[in-house]
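# Survey of secondary and tertiary structure
Here's the letter readout for the chains.
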Amino acid sequence: MPQHPVESGSFVSAEPTRAVVEAFFARQRAGDSAGLLGLFADRVDFLAPGAPNAADLGPDAALSAVSRFFATLDKVFAPDEDFLVLGQDAVVTGFACGGAGDGAANPIALRFTVTGGRIERCHLTEVSAKS
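To keep things clear, this report deals only with the structure shown in the data block. This structure is a prediction, so every number in the text was calculated from the model and none was measured. Per chain, residue numbering runs from 1 following the sequence as it is written. Confidence filtering applies because this is a predicted model: local features only for residues at pLDDT of at least 70, side-chain atom pairs given and counted only at 80 or more, and all residues used for totals across whole chains, interfaces and linings. Water and hydrogen atoms play no part in the side-chain values, which are based on all heavy atoms of the structure.

Our next topic: the overall build of the protein. A tally of regular secondary structure across the protein gives three helices and seven strands. The numbering of helices and of strands both runs from the N terminus, where a helix is a DSSP run of H or I of at least 4 residues and a strand a run of E of at least 2. Its helices and strands in sequence order give the protein the pattern α-α-β-β-α-β-β-β-β-β, from N to C terminus. The buried share of the protein, reckoned over its 131 residues, is 33%. In what follows, a contact means two residues having at least one pair of non-hydrogen atoms within 4.5 Å. Long-range pairs, those at least 24 residues apart, make up 43% of the contacts in the protein with a sequence separation of at least 6. Under the convention used here, a 1.4 Å probe and the Shrake-Rupley method define accessible areas, while residue burial counts only the protein chains that appear. Entry remark: accessible area of the protein is about 7700 Å², with carbon and sulfur atoms responsible for 56%. Burial classification: accessible surface area is computed with a 1.4 Å probe over protein chains only, and a residue below 20% of its type maximum counts as buried, one above 50% as exposed, and the rest as partly exposed.

Here it is in structure tokens:
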């Protein structure tokens, strides 16, 4: 089976990335805002196209903007059972579930980049159930 090409000595272990991504979902699900924000770098490439509470986010978003995004988010992200991790990058599919118990669940994909144990990139794509 072909392997992903890497330069000699440039391999980054996937385990720290997996641990941070799993902590992201656990803290978000538990409503642990401070713990969730502690996973992010001070400046983040954070994109959530189409989200009404994402106006201050972008390629160089401040942690305060990320905090506002999650403070006004009325959904909980639920990942699929497993996800792809390659070095410092992870791609997770799952669902954004309504926080009001309305049963609505929209498919999502999240792309993370974790460096030094902190999330430096988080790109969210959500498929809205609204027509």
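A separate point is the pairing of strand S1 (residues 40-47). On a regular strand, each side chain points to the face opposite its neighbour's, so the side chains alternate between the two faces of the sheet. In terms of strand pairing, S1 meets strand S7 (residues 118-126) through four bridges, oriented parallel. Its bridge partner lying in S7, Phe40 is registered against Ile119. Pairing between strands requires that DSSP locate at least two bridges from one strand to the other. Alignment of S1 against strand S2 (residues 61-62), held across two bridges, turns out to be antiparallel. In the sheet register, Val44 faces S2, and the bridge partner there is Ala61.

On to helix H1 (residues 15-30), then. Helices are assigned an expected span. That span is 1.5 Å times one less than the residue count. For H1, with 16 residues, the first-to-last C-alpha span of 22 Å sits near the 22 Å given by 1.5 Å per residue. Within H1, burial applies to Thr17, Val20, Val21, Ala23, Phe24, Phe25 and Gln28. Backbone geometry just after H1 places Gly31 at a positive phi near 75°.

Salt bridge, as used here: a side-chain nitrogen of Lys or Arg that lies within 4 Å of a carboxyl oxygen of Asp or Glu. Evaluation of the coordinates by the stated rule reveals six salt bridges. Asp82 is the partner of Arg18 in a salt bridge, and the nearest nitrogen-oxygen pair spans 3.4 Å. Of this pair, Arg18 sits in helix H1 while Asp82 sits in the loop between strand S3 (75-79) and strand S4 (84-86), and the two are 64 residues apart along the sequence. The exposed category is assigned to Asp82, whose relative accessible area is 53%.

Turning next to the nonpolar core. Ranked by size, the top nonpolar core spans 33 residues in total, and within it Phe24, Phe40, Phe46, Phe70, Phe77 and Phe112 carry the most contacts. Elements supplying a minimum of two residues to this core: H1, helix H2 (33-37), S1, helix H3 (63-72), strand S5 (89-98), strand S6 (105-115) and S7. Ranked by residues supplied to this core, first place goes to H1 with five residues. Non-local contacts of Phe112, meaning those with residues more than four positions away in its chain, are made with Val21, Phe24, Phe25, Gln88, Asp89, Ala90, Val92, Ile119, Arg121 and Cys122. Nonpolar cores are built from buried Ala, Val, Leu, Ile, Met, Phe, Trp, Tyr and Cys residues. Side-chain atoms within 4.5 Å join them into one set.

A few words on the packing of aromatic side chains. Aromatic pairs are defined between Phe, Tyr and Trp rings, using the six-membered ring for Trp, whenever the two ring centres lie within 6.5 Å; interplanar angles under 30 degrees are classed as stacked, those over 60 as edge-to-face, and all others as tilted. Applying the stated rule across the entire model yields 11 aromatic pairs. For the ring pair Phe24 and Phe40, a centre distance of 6.2 Å and an interplane angle of 75° mean the geometry is edge-to-face. In this pair, Phe24 is assigned in helix H1 and Phe40 in strand S1, connecting sequence segments 16 residues apart. Judged by relative accessible area, Phe24 falls into the buried class, the value being 0%. For Phe40, a relative accessible area of 0% corresponds to the buried category. When the ring of Phe24 is compared with that of Phe112, the centres are 5.0 Å apart and the planes differ by 65°; the resulting orientation is edge-to-face.

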